[in-house]
Structure formats: C-alpha cells, structure tokens
Amino acid sequence: MLTLYRFSQRLARTELFVAGSFMAFIFLLLIINIITRLNNIPIYWIDEAAVTAMVWMALLAAAAGIHYRTTIAMTLLKDRLSQSAQYRLDLCVDALLMLFFTVFLALLIMIFEPYQLIVKHRLDWAAFSSTEFNFIYEEPTMTLGIKKFWTWLILPIFAVSGLIHSLANWCHTMTLLRQEHSHVSN
C-alpha cells in the first residue's frame, strides 16, 4: 500500500510540473496573441491552443489536488469529528471518488472504443469511423488542424490519474485508521 501511495505522490508531482508548464505556455501564447493583434496580424489558432492548454492544466492540477487533498471542501462537519471519524469520512469520500472515476473511465472507454480501434481495425482510423460510425478519431479541431481526440486524451488521463490518487488515499487512510486502532487497543 505504501508503494501505491509513493507512486501517487510522484504522479502528483509530475502532474503539477506539467500543469505549471502548461501555465507558462498559456502565458506565452497570450503574450504572442496580444502582440500580433496589436499589429493587426492575428494568429487565430492561438486562442484554441490556449483554451486546450488551459483545460489540460486544470485537469492535471485537479488530479494532483485529489492526491494532496487540497480540493475545495466543506469542513464544517469534519472539523467537529474525532480523528477516527475523520478517517472514516475520508474513506467514504475516497470511495465515492473511486466510484466516480471508475464510471467516468467506463464511459470514456465506450466513447473512445479502444478495443474496436486497436484489435478490430488495427489502428485504421478511417475504417473505424466508417464501420463504427464513431468519428472521434477523424474530426479535426477548428483552427489547430489536428485531430480532436489528441486534445480529448486528457479525459482518460485524468480518469486514470484520479482513480490512482483516490485509491492511494483510501489505502493510506485505511493504514492510518488501523494504526490509530492499534494504539488505542494497546
């Protein structure tokens, strides 16, 4: 269980680094956008790139926030509970997060259909689209000119990452609860 929690820590640090890099990239894009628009030579794809980078940044930071338990929370009830009850409440929250991310991941698998794409169509996007009537791999972005699924890949990344973090937190809290019970019984 400790190994999973350490992996979750490393993953969260990586997510925060990448999210910070996206923030710097967004800042650079916005500066370029301001300069080019002031000179009447706007670059239209910058807006879409900045929005995409902002979504990636937000979801990576949100996943890291789950690990660090720094997400927005109402602590009115939790602050009034004993340490043991707080651990139990954390376990409930983590279990609900695991349920959410499991359902979210299942829905994403239904949308992305990786089995159909990889096994049945051997990564042939055109054959996949025409057979399955799922154009997720064919539809281009408006101004960037890349396939939209590249920008949407943050969703399964977020789902897997959130599931890892909530599972690691659940295991870690369970360990803390067991330690508290062993101290109380001794």
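Just so you know, these numbers come straight off a predicted model, no measurement behind them. (Residues numbered from 1 in each chain as written. Predicted model: local features only at pLDDT ≥ 70, side-chain atom pairs only at ≥ 80, totals over all residues. Heavy atoms only, no water.)

**What to know about a nonpolar patch on the surface**
Working step 1: Together, Phe27, Ile31, Ile34, Ile35 and Leu38 line one region of the surface with nonpolar side chains, adding up to about 530 Å² of accessible area.
Working step 2: Note that Ile31 resides in helix α1 (residues 2–38).
Working step 3: For Ile31, a relative accessible area of 34% translates into the label partly exposed. (Patch = residues over 30% accessible without salt bridge, like charges linked within 9 Å, V, L, I, M, F, W, Y side chains within 5 Å. Areas by Shrake-Rupley, 256 points an atom, 1.4 Å probe, with all protein chains shown as cover. Salt bridge = Lys/Arg side-chain N within 4 Å of Asp/Glu carboxyl O. Helix = DSSP H or I, 4+ residues; strand = E, 2+ residues; numbered from the N terminus. Buried < 20%, exposed > 50% of the residue type's maximum accessible area, 1.4 Å probe, protein only.)

**Structural notes on the side chain of Gln86**
Working step 1: Looking at the secondary structure, you find Gln86 in helix α3 (residues 83–112).
Working step 2: Other than its neighbours up to four places away in sequence, Gln86 contacts Lys78, Asp79 and Leu81. (Contact = heavy atoms within 4.5 Å.)

**Details of the pattern of salt bridges**
Working step 1: Enumeration over the complete set of coordinates arrives at five salt bridges.
Working step 2: One salt bridge connects Lys120 with Glu132, and the closest N-O pair in it is separated by 3.3 Å. Here the residue Lys120 occupies a position in helix α4 (residues 114–120), and Glu132 occupies one in helix α5 (residues 125–132), the gap between them amounting to 12 residues.
Working step 3: Relative accessible area serves as the criterion here: at 21%, Glu132 is assigned to the partly exposed category.
Working step 4: Here Glu139 ties to Lys148 by a salt bridge, and the two come within 2.9 Å at their closest N and O atoms.
Working step 5: A relative accessible area of 36% means that Glu139 is categorised as partly exposed.

**What to know about the layout of surface pockets**
Working step 1: Taken as a whole, the largest pocket holds about 410 Å³ of empty space.
Working step 2: Considering the residues around the largest pocket, the lining is formed by 15 residues, among which Arg69, Thr71, Ile72, Ala73 and Val93 are closest to the centre.
Working step 3: Ranked by residue count, the leading element in the lining of the largest pocket is α3, at five residues.
Working step 4: Here the residues of the lining of the largest pocket are counted per class, giving eight nonpolar, three polar and four charged.
Working step 5: If you go around the second largest pocket, the residues you meet are Leu105, Leu108, Ile109, Phe112, Pro114, Leu117, Ile118, Trp125, Tyr137, Phe149, Leu153 and Pro156.
Working step 6: Among the secondary structure elements, those contributing two or more residues to the lining of the second largest pocket are α3 and α4.
Working step 7: The element contributing the most residues to the lining of the second largest pocket is α3, with four residues.
Working step 8: A breakdown of the residues in the lining of the second largest pocket according to their chemical character gives 12 nonpolar, no polar and no charged. (1 Å grid on protein atoms, 1.4 Å probe; cavity = no way out; pocket = protein on both sides within 12 Å on 5 of 7 lines; lining within 4 Å. Points joined across faces, edges and corners; volume = space filled by probe spheres on them. Nonpolar A, V, L, I, M, F, W, Y, C, P; charged D, E, K, R; others polar.)

**Structural notes on the nonpolar core**
Working step 1: Ala19, Ile26, Ala53, Trp56, Met57, Leu59, Leu60, Ala63, Ile66, Phe101, Ile154 and Phe158 together form the largest nonpolar core, which totals 12 residues.
Working step 2: When residues of this core are traced back to their parent elements, those giving at least two are α1, α2 (45–68) and α7 (154–185).
Working step 3: The biggest single contributor to this core is α2, with seven residues.
Working step 4: When residues no more than four places from it in sequence are discounted, the contact partners of Ala53 are Phe22, Phe25 and Ile26.
Working step 5: Residues Leu108, Phe112, Tyr137 and Ala159 belong to the second largest nonpolar core, which totals nine residues. (Core = buried A, V, L, I, M, F, W, Y, C linked by side-chain atoms within 4.5 Å.)

Any functional reading would require information beyond the geometric quantities listed.
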